[in-house]
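For reference, the chains in residue letters:
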Amino acid sequence: MADAASTSGCEGTGSRVDELKSYGVLGSRPRGTVEPHGFEGLDAGCWEDSGEAQLYAERTYVFPGDKADVTQHYRAAAKREGWTPSPATRRSSEAIRSTNLCFTRGEADNAAMLDVYFLTEEILDAEESKAGPEFDTGAGYRVSVTASADGSATSCSD
């Protein structure tokens, strides 16, 4: 017998998904960044995995320069928008300028997590996505805002 949480899952989450889509950091990008073919626009919705429903809003980009420029841009954009860097993101600020980033904001019913991470062939294969020619010109990366559908707290995995 399925429990109530898994049967309701993504039902009634549209307004919360719209809230995630509204974060300005999703549209912020360093000069010269492009949306690769097949990844245009904002992707948003709700997915369930093992009975836990997750809300998401994300964009995929390719930047023709150094990965460090991408991380520098999103550190600043996240700070302007009130995101709190995870401990690993804070530690990596000087040591590794081209690392993946994770931030959080909000509490209880409006908690959200921001991830900025570089795409690998393994990630694209797992998604059954193909890297277009734009990926040959620079670093592919994703900006993703997620939240749990049930409103429970969310945190970075560091």
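Residues numbered from 1 in each chain as written. Predicted model: local features only at pLDDT ≥ 70, side-chain atom pairs only at ≥ 80, totals over all residues. Heavy atoms only, no water.

### A word on the nonpolar core
Ranked by internal contacts, the top residues of the largest apolar core, which has 25 residues, are Tyr 74, Trp 83, Leu 114, Tyr 141 and Val 145. At five residues, strand 6 (residues 139–148) tops the list of elements feeding residues into this core. Setting aside chain neighbours within four positions, we find Leu 114 in contact with Val 25, Ala 78, Trp 83, Leu 101, Cys 102, Phe 103, Val 143, Ser 144 and Val 145. In this structure, Phe 39, Tyr 117, Leu 119 and Leu 124 belong to the second largest nonpolar core, which totals six residues. (Core = buried A, V, L, I, M, F, W, Y, C linked by side-chain atoms within 4.5 Å. Buried < 20%, exposed > 50% of the residue type's maximum accessible area, 1.4 Å probe, protein only. Helix = DSSP H or I, 4+ residues; strand = E, 2+ residues; numbered from the N terminus. Contact = heavy atoms within 4.5 Å.)

### Details of the confidence of the model for the chain
Chain-level pLDDT for the chain is 87 on average; 90% of the residues reach the 70-or-more range. Low pLDDT, under 50, characterises residues 1–7; the stretch is placed with three contacts to residues that sit more than four places away or in other chains. (pLDDT = per-residue confidence, 0-100.)

### Concerning unusual backbone geometry
Even without glycine at this site, Glu 128 takes up a positive phi of about 60 degrees. Mapped onto the fold, Glu 128 is located in the loop between helix 5 (121–126) and strand 6.

### Digging into the packing of aromatic side chains
Scanning the entire structure with this criterion turns up five aromatic pairs. Residues Tyr 74 and Tyr 141 carry aromatic rings whose centres are separated by 5.6 Å and whose planes lie at 65 degrees to one another, so their mutual orientation is edge-to-face. Taken together, the residues Tyr 74 in helix 3 (residues 67–80) and Tyr 141 in strand 6 connect sequence positions 67 residues apart. An aromatic cluster of at least three residues, connected via ring pairs, comprises Tyr 61, Tyr 74, Phe 118 and Tyr 141. The ring centre of Phe 118 lies 5.0 Å from the NZ or CZ of Lys 67, which sits over that ring. Lying across the ring of Trp 83, Arg 105 places its NZ or CZ 5.5 Å from the centre. (Phe/Tyr/Trp six-rings, centres within 6.5 Å; stacked < 30°, edge-to-face > 60°. Lys NZ or Arg CZ within 6 Å of the ring centre and 35° of its normal.)

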